[in-house]
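Here is how the chains run, residue by residue.
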Amino acid sequence: MTLKKVLPYAHELMKEVLKEGDTAIDGTCGNGHDTVFLANLVGETGRVYGFDIQAQAIDSTSDRLREDGMEDRVELIQDSHGSCMNYISTAHLSSLQGAIFNLGYLPGGDKSIVTTPTETIASLEHLFANLNKDGLIVLVIYHGHPGGQEEKNAILDFVSQLDQNSFQVLQYNFLNQRNNPPFVVAIEKLKPENLNRSL
Ligand code: SAM
């Protein structure tokens, strides 16, 4: 198959933008797959900040990182990604190059605990302001669960209004898949300034 499925495509995009020594954010650690992926990309000298509101997710991500010997380069935080800027050190902020958000509920966990448009968009606003030029945010949007449609619509509405001189916004989705297939939204910051959506 030539066309990549959404998760491999999301990872491919992160590979393009992250290099050894960079700082990256996993906005939704879940079972830690993306956190480990980012930790590999930023290497021993890089830093990953991983957020999740559930202790179960932080624990399983921590276990996975320990198994792979990468716990030293990752800071796991049990808090909302909407508060991400409270945790990132000034030293790491200057190399903030990428972030990934895998939205929805924790696979194998409580399906009623889901990402919300308010917190997701708050987090995007913070990242728009603090990401480096050419930095990339990748959202994998699952929307088949209760609340998923509202979050999908709110995010699409929000990112569609970003100024094209400041951000490039891409949507990657399969048009003929049934049952609310997930899709990718990627946002690249084009300017070095401290940007927000009104610029
Ligand atoms: N990336 C994960 C992986 O590789 O396994 C999967 C993430 S899962 C689809 C979504 C996660 O988002 C859940 O673990 C849930 O607890 C978390 N979550 C929900 N709201 C959140 C918030 N405001 N801040 C951070 N994490 C949140």
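Cut-offs used in this document
Residues numbered from 1 in each chain as written. Predicted model: local features only at pLDDT ≥ 70, side-chain atom pairs only at ≥ 80, totals over all residues. Helix = DSSP H or I, 4+ residues; strand = E, 2+ residues; numbered from the N terminus. Rg over C-alpha atoms; globule rule 2.2 N^0.38 Å. Buried ≥ 20, exposed ≤ 12 C-beta atoms within 10 Å, placed from the backbone. Contact = placed C-beta atoms within 7 Å. Pairing = 2+ DSSP bridges. Axes fitted to C-alpha atoms, helices over the stretch in contact; angles between N-to-C directions. Parallel < 35°, antiparallel > 145°, perpendicular 65-115°, else oblique. Left-handed = near helix turned anticlockwise from the far one by under 90°. Nonpolar A, V, L, I, M, F, W, Y, C, P; charged D, E, K, R; others polar. Near = placed C-beta within 6 Å. Core = buried A, V, L, I, M, F, W, Y, C linked by C-beta atoms within 7 Å. Expected span 1.5 Å × (residues − 1). Arc of directions from axis to C-beta.

**Let's talk about the overall build of the chain**
Logical step 1: The secondary structure content of the chain amounts to six helices and seven strands.
Logical step 2: When the helices and strands of the chain are listed from N to C terminus, the series reads α-β-α-β-α-β-α-β-α-β-α-β-β.
Logical step 3: Its C-alpha atoms give the chain a radius of gyration of 16 Å, near enough to 16 Å, the size a compact globule of 199 residues would have.
Logical step 4: For the chain, with 199 residues in total, the buried portion stands at 41%.
Logical step 5: Within the chain, counting contacts between residues at least 6 apart in sequence, those at least 24 apart form 74% of the total.

**Considering the sheet that holds strand 3 (residues 74-77)**
Logical step 1: The strand order 3-2-1-4-5-7-6 describes an open sheet built from seven strands, whose pairing is mixed. Among the strands making up the open sheet, the edge pair consists of strand 3 and strand 6 (167-172). Neighbour-to-neighbour, the strand axes of this sheet turn through a mean angle of 15°, independent of strand direction.
Logical step 2: In this fold helix 2 (residues 33-42) packs onto strand 1 (23-26), strand 2 (47-51), strand 3 and strand 4 (96-102), with an angle of close to 165° to the strand it touches most, strand 2.

**Description of the packing of helix 2 against helix 3 (residues 55-67)**
Logical step 1: It is at 9 Å that the axes of helix 2 and helix 3 come closest, and there the two elements cross at 40°. Overall, the two elements helix 2 and helix 3 adopt an arrangement that is oblique. When you trace helix 2 past helix 3, the crossing you get is right-handed. When helix 2 is examined against helix 3, the residues Thr35, Val36 and Ala39 are found in contact with a partner set consisting of Thr61, Arg64 and Leu65.
Logical step 2: Tallied by class, the residues present in the contact of helix 2 with helix 3 amount to three nonpolar, two polar and one charged.

**Details of unusual backbone geometry**
Logical step 1: Positive phi is not limited to glycine here, since Asp134 has a value of about 70°.
Logical step 2: One can find Asp134 in the loop between helix 5 (117-130) and strand 5 (136-141).
Logical step 3: On the basis of neighbour counts, which here come to 14 C-beta atoms within 10 Å, the residue Asp134 falls in the partly exposed class.
Logical step 4: For Asn179, which is not glycine, the phi torsion reads 65° and is therefore positive.

**Some thoughts on the site of the ligand**
Logical step 1: The full set close to the ligand counts 24 residues, and Thr28, Gly30, His33, Asn102 and Leu106 are the nearest of them.
Logical step 2: When grouped by side-chain class, the residues that make up the shell around the ligand number eight nonpolar, 13 polar and three charged.

**Things to note about the nonpolar core**
Logical step 1: By size, the foremost hydrophobic cluster in this structure holds 48 residues, and its most contacted members are Met14, Leu38, Val138, Leu139, Val140 and Val184.
Logical step 2: In terms of residues, this core owes the most to one element, strand 5, which gives six residues.
Logical step 3: Apart from residues lying up to four places away in sequence, Leu139 is in contact with Phe101, Leu103, Ile155, Val184 and Val185.

**Some words on helix 1 (residues 6-17)**
Logical step 1: The terminal C-alpha atoms of helix 1, which comprises twelve residues, lie 17 Å apart, in line with the 16 Å expected from a rise of 1.5 Å per residue.
Logical step 2: Inspection of helix 1 places Val6, Ala10, Leu13, Met14 and Val17 among the buried residues, and these make up the whole buried set. Projection of helix 1 onto a plane perpendicular to its axis shows the buried side chains occupying an angular sector of 100°, all on one side. Along helix 1, exposed side chains directed more than 90 degrees from the buried face belong to Pro8 and Glu12.
Logical step 3: Summarising the contacts, the buried residues of helix 1 are in contact with helix 2, strand 4, strand 5, strand 6 and strand 7 (183-189).

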